[in-house]
Amino acid sequence: MRLVDELRDEVEINGLHTGQEALDALRDIIRREVSPKTDLDLSGKPAVILVVGVNGVGKTTTIAKLAYLYKDLGKRVMLAAGDTFRAAASEQLETWADRAGVPLVKAGEGADPAAVIFDAVKSATARGYDMVIADTAGRLQIDDQLMDELVRIKQAVEVDETLLVVDAMAGQEAVNVAKTFNEKVGISGVILTKTDGDTRGGAALSVLAVTGMPIYFQGTGEKLEDLEPF
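Residues numbered from 1 in each chain as written. Predicted model: local features only at pLDDT ≥ 70, side-chain atom pairs only at ≥ 80, totals over all residues. Heavy atoms only, no water.

Trainee: Explain the pairing of strand 4 (residues 131-134) residue by residue, including any values.
Mentor: Regular strands have side chains that alternate between both faces of the sheet. Across the two faces of strand 4 the burial is the same, with M131 and I133 and V132 and A134 all buried. Pairing of strand 2 (residues 77-80) with strand 4, which is carried by four bridges, proceeds in the parallel orientation. By the bridge assignment for strand 4, L79 is matched with I133. (Buried < 20%, exposed > 50% of the residue type's maximum accessible area, 1.4 Å probe, protein only. Helix = DSSP H or I, 4+ residues; strand = E, 2+ residues; numbered from the N terminus. Pairing = 2+ DSSP bridges.)

Trainee: Explain the pattern of salt bridges residue by residue, including any values.
Mentor: All told, the structure shown has 10 salt bridges when counted by the stated rule. Residues R27 and D24 are paired through a salt bridge, measuring 3.5 Å at the closest nitrogen-oxygen approach. Placement of both R27 and D24 in helix 2 (residues 19-33) is noted, with a separation of three residues, approximately one turn of the helix. Its relative accessible area of 40% is what places R27 among the partly exposed residues. Between E183 and K179 there is a salt bridge whose closest N-O contact spans 2.8 Å. With E183 and K179 both in helix 7 (residues 173-184) and four residues apart, the pair spans about one turn of that helix. (Salt bridge = Lys/Arg side-chain N within 4 Å of Asp/Glu carboxyl O.)

Trainee: Describe the packing of helix 1 (residues 2-14) against helix 2, listing the residues and the values that go with them.
Mentor: At their nearest, the axes of helix 1 and helix 2 sit 10 Å apart, and the two run at 130° to each other. Taken together, the axes of helix 1 and helix 2 are oblique relative to one another. The handedness of the crossing between helix 1 and helix 2 comes out as right-handed. Facing helix 1, whose interface residues are R2, L3, E6, L7 and E10, helix 2 presents A22, A25, L26, I29, R32 and E33. Tallied by class, the residues present in the contact of helix 1 with helix 2 amount to six nonpolar, no polar and five charged. (Axes fitted to C-alpha atoms, helices over the stretch in contact; angles between N-to-C directions. Parallel < 35°, antiparallel > 145°, perpendicular 65-115°, else oblique. Left-handed = near helix turned anticlockwise from the far one by under 90°. Contact = heavy atoms within 4.5 Å. Nonpolar A, V, L, I, M, F, W, Y, C, P; charged D, E, K, R; others polar.)

And the structure:
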């Protein structure tokens, strides 16, 4: 609705007369909406990246892609298996960590996620690693118990970036997801997954509208290298 209002103002102010002029104006408006891409804050020693999102958006594979990307850029990266809620989640992340060639700190199912991530940061600090990328349990945004868990993690560990993983095909539902995560946990950026699918960009614009946070990366496939700057 805001885009429509801005386009209407543009038409009235500049007297657009053709469909092509209106289309060009809409493109300019969308370009202004999309926050400029900035680099992740990696100033922490090590930098701690907390990755959050709902179930099924590709969070675990995205974490592996991030690790692979930054390892390729010369960073020493460690993963933390903070999803102790879902059965075999740690094993799944371990498989991806092996593929990416980075170490993983994990604990048993049902362990305290904040403790696992704290231990990973402690280990990374002692061993001189540059980054810790922490997985968390996928959750519905209405799950208050698991949301509280994320808050406890951020209280236990100094987090440099909290990245929300969003399915690019989610469309309007992405609004509710992004709004709730931002209000309850606080996010600093977004990664869009499945942009190689049948998506039209609605999720991107919706997330930007409700959070004002940059979209850093987009997932473009299933391989480790399929992560690109947005």
